[in-house]
Amino acid sequence: MSLHWPWALVALLAFPLLLAVRWWTRRRKRRAAVRLPSVALIRAALPGRTSWKRRIPLWLFAAGLLVTGTAAARPEASVVVPDSAATIILAMDVSGSMCSTDVSPNRLTAAQKAAREFIKDHDGNQKIGLVAFSGIAGLVVPPTTDTKQLLDAIDALRTSRGTAIGLAILASIDAIAEINPDVPPTGVEVPDDGTATGDYEPDTIVVLTDGRNTDGVDPMTAAAAAEARRLRVYTIGFGTANPSPMVCSSDQISGGTQFRGGPGGQFGGRGRFQDMDEGTLTKVAETTGGKYFKAEDAESLGDVLRDLPSQVTLQRKKTELTSWFALAGAALVLLAVGLAQWWNRTRLPARPRSSPQ
């Protein structure tokens, strides 16, 4: 918990001042007291009141003043709340290795299916942008709530050569900068000494890839740029390490990718070892405050994407607690006054019962 106006705690000095006034008043009363011949008679005439009944109202009143004084300082608490205004940029790998058949029917088809389900789950309630990357990276769909536009773009993805993970992160940063004025684009220098502090921006980048960076900017350089802008990057490593043939249908291959023709209008290549750089993907996520996930099949990829909204759309925000402190302080003060009045009320002597004639 933090205080928005800490200097207002000076109001708490009212409590010791009140204690001093009470002590001075009681001292003067003792000096002016009249000595009577029989103190026992006076005590017998006064209503009985135990010591705890004298102290409880006093301490309740003191607690009420302390809580009310704290309310004047405008206390704030940092709480985790869902943020439907957060934008998610989904950066999808469309390198040639996405034709690998270790995930049936191939990685690209499985990734497209999982991405479609991810988009449908939001049903236009949240802005989603799409970045595709192979040897280069580009924004395919700017952040939007248009589900149909996103689904059409997912279906139109085509593979090409190379894997530029770093460029994909930078393209995602620029896409967020277009809609969030608090995020500078990548062409703007942002001082970063590795000790960036403060709350994360509500917008998030999700990178889905099956390999390691081969082109463009180093992923850790791009991660540093995201960290400086307080953007979290979640990374997903998709596929297995098993050598497997690469087979894509003709409509999954771009003109720049050359694979040997096969039956049924398919293009394929011989099996090869898929070298995924999980170490770098993990470091990218940890550097930016995100998390790395491993998905070896279509089902696990779907699970990862379904669980992501519960993590990326939760934001830590400061909530002011002034009203709650003020209400609690007022309740304590009223309770103290009420108890003091009740326990100090004048009790009339009981009327003697008349004896039966």
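Residues numbered from 1 in each chain as written. Predicted model: local features only at pLDDT ≥ 70, side-chain atom pairs only at ≥ 80, totals over all residues. Heavy atoms only, no water.

Quick look at the pairing of strand S4 (residues 128-133) now. With six of its six residues buried, S4 lies for the most part within the structure. Along S4, one buried face is formed by Ile128, Leu130 and Ala132 and the opposite face, lined by Gly129, Val131 and Phe133, is buried too. Across six bridges, strand S3 (residues 88-93) lies against S4 in parallel orientation. What sits directly across from Met92, in S4, is Ala132. Sheet analysis places S4 next to strand S5 (residues 137-144), joined by five bridges and oriented antiparallel. In the strand pairing of S5, Leu130 is matched with Val141. Following S4, the chain reverses through three residues before pairing antiparallel with S5. (Buried < 20%, exposed > 50% of the residue type's maximum accessible area, 1.4 Å probe, protein only. Helix = DSSP H or I, 4+ residues; strand = E, 2+ residues; numbered from the N terminus. Pairing = 2+ DSSP bridges.)

Time to look at the pairing of strand S6 (residues 204-209). For S6, the buried fraction is high: six of the six residues fall into the buried class. Here S3 runs beside S6; their pairing, made up of five bridges, is parallel. Looking at S6, one finds that Ile88 is bridged to Thr204. Judged from the six bridges that link them, S6 and strand S7 (residues 232-238) form a sheet pairing that is parallel. Of the residues in S7, the one forming a bridge with Val207 is Thr235. With helix H7 (residues 219-228) bridging S6 and its parallel neighbour S7, the resulting β-α-β unit is right-handed. (Right-handed = clockwise from strand over helix to strand, strands pointing away.)

What follows deals with the UniProt feature "transmembrane region" (unreviewed entry) in the protein chain. Summarizing the sequence annotation, UniProt attributes the feature "transmembrane region" (unreviewed entry) to residues 6-25 and 324-343 in the numbering used throughout. Counting secondary structure, residues 324-343 comes out at 100% helix and 0% strand; the distance between its end C-alpha atoms is 28 Å. (UniProt positions renumbered as here; feature names shortened; annotations may be inferred.)

Bringing the nonpolar core into the picture now. Among the nonpolar cores identified, the biggest contains 33 residues, and Met92, Leu130, Ile236, Phe238 and Leu301 are the most heavily contacted of them. Elements with a minimum of two residues in this core: S3, helix H4 (107-122), S4, helix H5 (147-155), S6, S7, strand S11 (292-295) and helix H9 (298-312). Among the elements that make up this core, the one with the highest residue count is H4 (seven residues). The residues contacting Met92, other than those within four sequence positions of it, are Ala111, Gln112, Ala115, Leu130, Val131, Ala132, Phe133, Ile154, Leu157 and Leu208. Core analysis: the second largest hydrophobic core is formed by 27 residues, Val131, Ile205, Leu281 and Val284 among them. (Core = buried A, V, L, I, M, F, W, Y, C linked by side-chain atoms within 4.5 Å. Contact = heavy atoms within 4.5 Å.)

Further remarks concern the packing of H4 against H5. Geometry of a packed helix pair, given as the angle between the helix axes and the separation of the axes. Axis separation between H4 and H5 bottoms out at 10 Å; the angle between their running directions is 175 degrees. Taken together, H4 and H5 sit at an angle that is classed as roughly antiparallel. Two secondary-structure elements touch here, H4 through Gln112, Ala115, Arg116, Ile119 and Lys120 and H5 through Thr147, Leu150, Leu151, Ile154 and Asp155. (Axes fitted to C-alpha atoms, helices over the stretch in contact; angles between N-to-C directions. Parallel < 35°, antiparallel > 145°, perpendicular 65-115°, else oblique.)

For any pair of aromatic rings, the description consists of the separation of the ring centres together with the inter-plane angle of the planes. A full pass over the atoms with the stated rule returns one aromatic pair. Taking the centre distance of 6.5 Å and the plane angle of 20 degrees together, the rings of Tyr234 and Phe293 count as stacked. One end of the pair, Tyr234, is in strand S7; the other, Phe293, is in strand S11, and 59 residues separate them in sequence. Assessed through its relative accessible area of 4%, Tyr234 is described here as buried. One residue, Arg230, lies across the ring of Tyr200, its end atom 4.2 Å from the ring centre. (Phe/Tyr/Trp six-rings, centres within 6.5 Å; stacked < 30°, edge-to-face > 60°. Lys NZ or Arg CZ within 6 Å of the ring centre and 35° of its normal.)

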